Structures are given as C-alpha cells and as structure tokens.
Amino acid sequence: GENVEQHPSTLSVQEGDSAVIKCTYSDSASNYFPWYKQELGKRPQLIIDIRSNVGEKKDQRIAVTLNKTAKHFSLHITETQPEDSAVYFCAASLGTASKLTFGTGTRLQVTL
Amino acid sequence: DTGVSQDPRHKITKRGQNVTFRCDPISEHNRLYWYRQTLGQGPEFLTYFQNEAQLEKSRLLSDRFSAERPKGSFSTLEIQRTEQGDSAMYLCASSAGQGAGANVLTFGAGSRLTVL
C-alpha cells in the first residue's frame, strides 16, 4: 500500500519568514495530495490540495508543489503569522477510492 | 447540517468493556470514513463506506472492531473488549464521492477514547 513520509517533524520559524514542509510518497499511481492543518485539540482541516495533473497550486500565502517523477510534494507558507502555528499533515490517495494515507505530521511554531 | 458530528466527544472505559461511537456525516456526502489518531501521529485509515456498503477495511481493524452504516446516513463504530492500546482519537470524515470535491474529506471533531 501507499506510504507517505513527511519532514521535518518540527519546524520553528520567526514571524514573517517562510516555512517549507516536504513529503514523499511511494505509489506512483497516487493522484491526489491534500494538506491538512490541525490545531491543538481540533479537527484536521483541509488548507490546500493538488492533483497529479498540476505541478503547482497557490492560495494566498500557501502554495503546494508536486514533482511526480521524484514522487514528492511540498507545502510552502510565506509571510508566516502566529496563527499558522499548528500541526500540518500531508496525505496521498489513489484514484477515486479517496482513502487518504497521511504523513506523520510537522509541528510548525511561528515565533514573534 | 454544517459539518460532521461525532458523539460522544470523550469516552473513558475500563478494559474489557464495549464502546460505540456515532458519526453523522454531511448530509449530501455519500462516502464516510473512520480514522484513528494517536498522539503525535497522523490519522490512520480504518474503514470507509459508500452509502451503506463497507468498501474497504484496514488490517488495523481487528475482529474486535465493527462499523456499520445501515441506511447510508449515520455510522457507528463499535469496539468490543477494549484494550489499553485502543486508546486514541477516533475521527470520522465524509466526502461527496463524486464531482470536483470527490476526494475532499471533511473531518469531525473526533471521539477520544481512554481505556483504563
């Protein structure tokens, strides 16, 4: 089955700096790659997603890039703010089955 | 109906007891998923339904676990003879299953299980 690895496990940046989180996946047939943000004690919430027919997608301060050849995708957050502090999970799924396989998460802390 | 609802939010039980969790998905979503999340880990897939049909079960789902979605709306997840290793957050999610949002999962707040 699919295996998703995520790095780093923790990331601390100063407010205003950029943050990058990277994930790799094992199944070349996977074609949907969402990113979820989970604040302490709350539910995971989708922040951005990308499909395999697209190399990059941007939504305000958040962008995701996908390299199908290398089987990796990354989340980029620019101009970080304290409210960006949370755990971020990448995930991958195959076809229409939409069973997501999650990475182990990255705890992002944005310091003032 | 503005989201995925789960009940109860917290459950503390003694080892060996049975517990049941309920999930009410977004009403127009035909797919429903159960995930388990332990501290410091990402959600792990347990099982999912399309309407009332259970289409896939993870190897993580031992014989003590059973899930149902009898009318294709709400779902229940039952754990029999609970063990301390079952302590986790049980997350339910739903998705439209078709169209542009087919793969987009909306999660509930979860049911936290503590087995003493």
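Everything that follows concerns the structure shown earlier in this document.
Residues numbered from 1 in each chain as written. Chains lettered and ligands numbered in written order. Predicted model: local features only at pLDDT ≥ 70, side-chain atom pairs only at ≥ 80, totals over all residues. Heavy atoms only, no water.

Draft legend 1. Spotlight on the nonpolar core. Of all hydrophobic cores here, the largest spans 22 residues; its most connected members are Trp35(A), Phe73(A) and Leu75(A). If you list the elements that add at least two residues to this core, you get β3 (19-25), β4 (30-38), β5 (45-51), β7 (62-67), β8 (72-77), β9 (86-94) and β11 (106-111) of chain A. Core analysis: the second largest hydrophobic core is formed by 19 residues, Val19(B), Phe65(B), Cys92(B) and Leu113(B) among them. (Core = buried A, V, L, I, M, F, W, Y, C linked by side-chain atoms within 4.5 Å. Buried < 20%, exposed > 50% of the residue type's maximum accessible area, 1.4 Å probe, protein only. Helix = DSSP H or I, 4+ residues; strand = E, 2+ residues; numbered from the N terminus.)

Draft legend 2. Region of the structure containing the state of the cysteines. Counted according to the given criterion, the structure contains two disulfides over all chains. Between the sulfur of Cys23(A) and that of Cys90(A) lies a disulfide, 1.9 Å long from S to S. When the S-S torsion is -100°, as for the bridge of Cys23(A) with Cys90(A), the disulfide is left-handed. Highlighted residues: Cys23(A) in strand β3 and Cys90(A) in strand β9, separated in sequence by 67 residues. Here the two residues Cys23(A) and Cys90(A) agree in accessibility, since each one is buried. With its sulfur 1.9 Å from that of its partner, Cys23(B) forms a disulfide with Cys92(B). Across the disulfide from Cys23(B) to Cys92(B), rotation about the S-S bond amounts to roughly -70°, and the bridge is consequently left-handed. In this pair, Cys23(B) is assigned in strand β3 (residues 19-24) and Cys92(B) in strand β9 (residues 88-95), connecting sequence segments 69 residues apart. (Disulfide = S-S within 2.5 Å.)

Draft legend 3. How the structure looks around the pattern of salt bridges. Summed over all chains, the structure comprises six salt bridges over all chains. Close ionic contact of Lys57(A) with Asp49(A) constitutes a salt bridge, the shortest N to O distance being 2.9 Å. By relative accessible area, Lys57(A) is classed as partly exposed at 36%. Judged by its relative accessible area of 12%, Asp49(A) falls in the buried class. Between Arg22(B) and Asp24(B) there is a salt bridge, and its shortest N-O distance comes to 2.8 Å. Here the salt bridges share partners, and the residues they tie into one network are Arg64(B), Glu83(B) and Asp86(B). (Salt bridge = Lys/Arg side-chain N within 4 Å of Asp/Glu carboxyl O.)

Draft legend 4. Region of the structure containing the packing of aromatic side chains. Residues and elements named next belong to chain A. The final tally for this structure, using the stated rule, is 15 aromatic pairs over all chains. Here Tyr 25 and Phe 33 contribute two aromatic rings whose centre-to-centre distance is 4.7 Å and whose plane-to-plane angle is 45°, an arrangement assigned as tilted. Its relative accessible area of 6% is what places Tyr 25 among the buried residues. Taking the relative accessible area as the measure of exposure, Phe 33 reaches 0% and is therefore buried. (Phe/Tyr/Trp six-rings, centres within 6.5 Å; stacked < 30°, edge-to-face > 60°.)

Draft legend 5. Spatial organisation of the interface of chain A and chain B. Contact with chain A, which involves 19 residues of that partner, is made by 22 residues of chain B. Counting every contact that joins chain A to chain B gives one salt bridge. Ionic pairing is found between Lys99(A) and Glu56(B), a salt bridge with its closest N-O pair at 3.0 Å. At the boundary of chain A with chain B, the tally comes to five residue pairs in polar contact (both at pLDDT 80 or more). Among the elements of the structure, β4, β5 and β9 of chain A are those that each provide at least two residues to the side of chain A that touches chain B. (Contact = heavy atoms within 4.5 Å. Polar contact = N/O pair within 3.5 Å; in protein donor to acceptor, adjacent residues only side chain to side chain.)

Draft legend 6. Expanded view of the pairing of β8(A). Residues and elements named next belong to chain A. In this sheet, β8 lies alongside β3 in antiparallel orientation, the contact comprising six bridges. Paired with Lys 22 across the strands is Ser 74, a residue of β8. Where β7 and β8 come together, six bridges link them in antiparallel fashion. Residue pairing for β8: Ile 62 is matched across the bridge by Ile 77. (Pairing = 2+ DSSP bridges.)

Draft legend 7. Region of the structure containing the sheet that holds β3(A). Residue and element names in this part refer to chain A. Read across the open sheet, the five strands follow the order β1-β3-β8-β7-β6; overall the sheet is antiparallel. Looking at which strands have only one partner, the edges of the open sheet turn out to be β1 (4-7) and β6 (56-59). The sheet shows a mean angle of 15° between the axes of neighbouring strands, direction not considered. (Axes fitted to C-alpha atoms, helices over the stretch in contact; angles between N-to-C directions.)

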